[in-house]
Amino acid sequence: PDADRETVLLAADAAGLARAAALIRDGGRVAFPTETVYGLGADAGNGDAVAGIYAAKGRPSFNPLIVHVADLAAARRLCEVPRAAEEVAAAFWPGPLTLVLPLRGGAPVSRLVTAGLDTLAIRVPAHPLAQALLRAAGVPVAAPSANPSGRISPTRAAHVMDGLGGRIDAVLDGGPCGVGVESTILSLAGDRPRLLREGGLPAEALEAMLGPLDRTPDAGSAPSAPGQLVSHYAPRGRVRLGVTAPEPGETLLGFGSAAGAAINLSEAGDLHEAAARLFDALHALDAMGAERIAVSPIPETGLGRAINDRLRRAAAPRD
Ligand code: TXA
Ligand code: MG
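What counts, and at which threshold
Throughout, residues of each chain are indexed from 1 in the direction in which the sequence is written. Lettering for chains starts from A, numbering for ligands starts from 1, and both go in the order in which the items are written. Only residues with pLDDT of at least 70 get local features here, since the model is predicted, and only at 80 or more are side-chain atom pairs given and counted; chain-wide, interface and lining totals rely on the full set of residues. UniProt positions are given in the numbering used here, feature names are shortened, and annotations may be inferred rather than shown by experiment. Each helix is a run of DSSP H or I of at least 4 residues and each strand a run of E of at least 2, with the numbering of both proceeding from the N terminus. C-alpha atoms define the radius of gyration in this analysis, and the globule rule sets the expected value at 2.2 Å times the number of residues to the power 0.38. Each residue is represented by a C-beta atom placed from its backbone, and any two residues with such atoms within 7 Å are regarded as in contact. Throughout, an axis means a line fitted to C-alpha atoms (over the contacting stretch in the case of helices), and angles, computed between N-to-C directions, take values from 0 to 180 degrees. Angular relationships are summarised with four words: roughly parallel below 35 degrees, roughly antiparallel beyond 145, roughly perpendicular across 65 to 115, and oblique for the angles in between. Crossings are assigned a handedness: left-handed for a near helix turned anticlockwise from the far helix by less than a right angle, right-handed for a clockwise turn. All residues other than Ala, Val, Leu, Ile, Met, Phe, Trp, Tyr, Cys, Pro, Asp, Glu, Lys and Arg, Gly among them, are scored as polar; the first ten of these are nonpolar and the last four charged. All domain edges in this entry derive from an automatic or database-based domain assignment. Here a residue counts as buried when 20 or more other C-beta atoms sit within 10 Å of its C-beta, as exposed when there are 12 or fewer, and as partly exposed otherwise, the C-beta atoms being derived from the backbone. One fewer than the residue count of a helix, multiplied by 1.5 Å, yields its expected span. Nonpolar core, as used here: buried Ala, Val, Leu, Ile, Met, Phe, Trp, Tyr and Cys residues forming one set through C-beta atoms within 7 Å. Two strands form a pair only when DSSP identifies at least two bridges running between them. Confidence scores per residue from the predictor, reported as pLDDT, run from 0 to 100.

- The name given to the protein chain in an unreviewed UniProt entry is Threonylcarbamoyl-AMP synthase, with Wenxinia saemankumensis as the source organism.
- What UniProt states about the protein chain under its Catalytic activity (unreviewed entry) heading is, verbatim, "L-threonine + hydrogencarbonate + ATP = L-threonylcarbamoyladenylate + diphosphate + H2O".

And the structure:
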C-alpha cells in the first residue's frame, strides 16, 4: 500500500541537509542516520505526516514513536524533566538513550506520536547529521527505526531503500551507523526508574548512576514499549541461538573464535564491533537466502545484552 512515490537518496552535504529539512517542515517522511540505527522522520506536530510514518512502515498505530530533538532545552519544551532525568541527560545525552517522561500539556506533539499515552519517549541523538538535521528542521522529529514493521532495523541507507523505497520521500545517506542497535529506553515517568528496552547504552552505565533498575515486563497484552513484542527484528530464515556446533544445512553467524562462520560479528570478540555489525549481518543473511541460521553464544554483558535481546526476538516463534 502507498508505494507510489520516488524516494530520493540525499548526500550528506549542505544541499542534502537543506532538502531533508525542507521536506520534514513540509510534512514529508525522511529517513536519516543516527548513531544507533536509521530513523524514519516526520514533523512530530503534524498529524498527517506522522500518520504517513505508520502507513509507510505498516506499523500498528497503538505503538508510539520516539521524538528526536537537538538538546535538553528542546526536550524541556515537550516534557517534564524531573531531577533524576536532568542528571541522566547531563551524563548520557546526546547519545543512544531514550527517556520516557511525562508529556507537557499543550506540547506540540500529535496524539498519534504517543498513541494516546500521557508520556513521551524522547531522545537527543549524537550523530552529527542527525544533530544538523534537527537544528535545520527546527521542529521535533518523530522517528521510529526506518524498517517495515517487524523486520530488521536499518544500519545503512541501502537497507532503508530496500525496505521502504517507494514509500518515503528521501533517505539522507550518512554511511553505516556506529552503534548499530537501537537506543536503550529508560522510563523516569513512574515511581521507580524502569528499563523498557536494552540498547546502545549498556544498562550497567545507568545502574551505576541510578541503582538497580526495575525490569518487570509489562502485564497483559498492551506493552508500554511494544518494540518489546516478542517476534521482532526478524530475518527471513529461522534462527537458533547459543550454538557451538552448527548442524548440516545451518548457516553460522559467528562470534569470537567460532570456526566455519559465514559471517563473524567480531573475530576479536568485541561487543561494540558485534553490535555495529549485527543488523547488517542479518540483512546479509537474508540476501544470501539463509533458511536456517545458527548463532554462536554471545556474552550477556554490556552491549551483549542488547545484542542477545535482538537475537532472542529474531529467534522467537512467529506466525
Ligand atoms: O535508536 C532508536 O531508538 C531508534 C532511532 C531512530 O532513534 N528508534 C527506534 O524507534 O528504535 P522504534 O519506534 O523502532 O522503537 C521505539 C520504541 C517502541 O518499542 C515503542 O513502543 C517505545 O519506543 N515507546 C515509544 N513511546 C513510548 C512511551 N511513551 N512509553 C513507552 N514506550 C514508548
Ligand atoms: Mg523499530
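1. Some remarks on the overall build of the protein chain
Consideration 1: Each helix and strand counted, the protein chain has 10 helices and 14 strands in total.
Consideration 2: Over its C-alpha atoms the protein chain spans a radius of gyration of 19 Å, differing by no more than 12% from the 20 Å that the globule rule assigns to 319 residues.
Consideration 3: Here the C-alpha coordinates of the protein chain stretch approximately 60 × 50 × 35 Å along the principal axes.
Consideration 4: Pairs at least 24 residues apart make up 70% of the contacts formed inside the protein chain by residues separated by at least 6 positions.

2. What about the packing of helix α9 (residues 271–288) against helix α10 (residues 303–315)?
Consideration 1: Between α9 and α10, whose axes approach to 9 Å, the crossing angle comes to 20°. Classified by the angle their axes make, α9 and α10 are roughly parallel. Handedness of the α9/α10 crossing: left-handed. Across the interface between the two elements, L271, H272, A274, A275, L278 and L282 of α9 pack against L303, G304, A306, I307, R310 and A314 of α10.
Consideration 2: In terms of residue class, the contact of α9 with α10 is built from 9 nonpolar, 2 polar and 1 charged.

3. Observations concerning the UniProt feature "domain: YrdC-like" (unreviewed entry) in the protein chain
Consideration 1: Following the UniProt record, the feature "domain: YrdC-like" (unreviewed entry) maps to residues 14–201 here.
Consideration 2: For residues 14–201, the end-to-end C-alpha separation is 30 Å, with 32% helix and 20% strand making up the annotated structure.

4. Considering the domain arrangement of the protein chain
Consideration 1: Each assigned domain of the protein chain is listed with its residue range as follows: domain 1 (8–225) and domain 2 (238–315).
Consideration 2: Between the C-alpha centres of domain 1 and domain 2 there is a distance of 26 Å.
Consideration 3: Counting residues at the interface gives 17 residues for domain 1, matched by 15 residues for domain 2.
Consideration 4: Per-class residue counts for the side of domain 1 that touches domain 2 are 7 nonpolar, 7 polar and 3 charged.

5. Focus: the UniProt feature "binding site: L-threonine" (unreviewed entry) in the protein chain
Consideration 1: UniProt annotation of "binding site: L-threonine" (unreviewed entry) refers to T36, H68, R123 and S183 when read in the numbering used here. A maximum C-alpha distance of 12.8 Å places the annotated residues, which cover 148 residues in sequence, within one compact spot.
Consideration 2: If near-sequence neighbours (up to four positions away) are discounted, T36 is found in contact with P96, C177, V179, V181, E182, S183 and G200.
Consideration 3: The residue H68 is located in strand β4 (residues 66–68) in this model.
Consideration 4: Residue classification places H68 among the buried positions, given that 27 C-beta atoms sit within 10 Å.

6. Topic: α10
Residues three or four positions apart in an α-helix share a direction because the helix packs 3.6 residues into each turn.
Consideration 1: Taking 1.5 Å of rise per residue, 13 residues should cover 18 Å, and α10 covers 18 Å from first to last C-alpha, within 8% of that figure.
Consideration 2: Listing the buried residues of α10 in full gives L303, R305, A306, I307, D309, R310, L311 and A314.
Consideration 3: Next to the buried residues of α10 lie α8 (203–210), β11 (238–240), α9 and β14 (292–295).

7. Topic: the nonpolar core
Consideration 1: With 99 residues, the main nonpolar core has A20, A31, V67, I122 and L133 as its most contacted residues.
Consideration 2: By residue number, the principal contributor to this core is α9, which donates 9 residues.
Consideration 3: Counting contributing residues per domain, this core is built from domain 1 (8–225) and domain 2 (238–315), each supplying no fewer than three.
Consideration 4: Discounting chain neighbours no more than four positions away, the residues touching A20 are L10, V30, F32, L133, A170 and L172.

8. Examining the sheet that holds β11
Consideration 1: The 4 strands lie next to each other as β11-β14-β12-β13, forming an open sheet whose pairing is parallel. The open sheet is flanked by β11 and β13 (263–264), the only strands paired with a single partner.

9. Here we look at the confidence of the model for the protein chain
Consideration 1: Across the protein chain, the average pLDDT comes to 93, with 93% of residues at 70 or higher.
Consideration 2: Predicted complex, confidence summary: ipTM 0.99, pTM 0.92.

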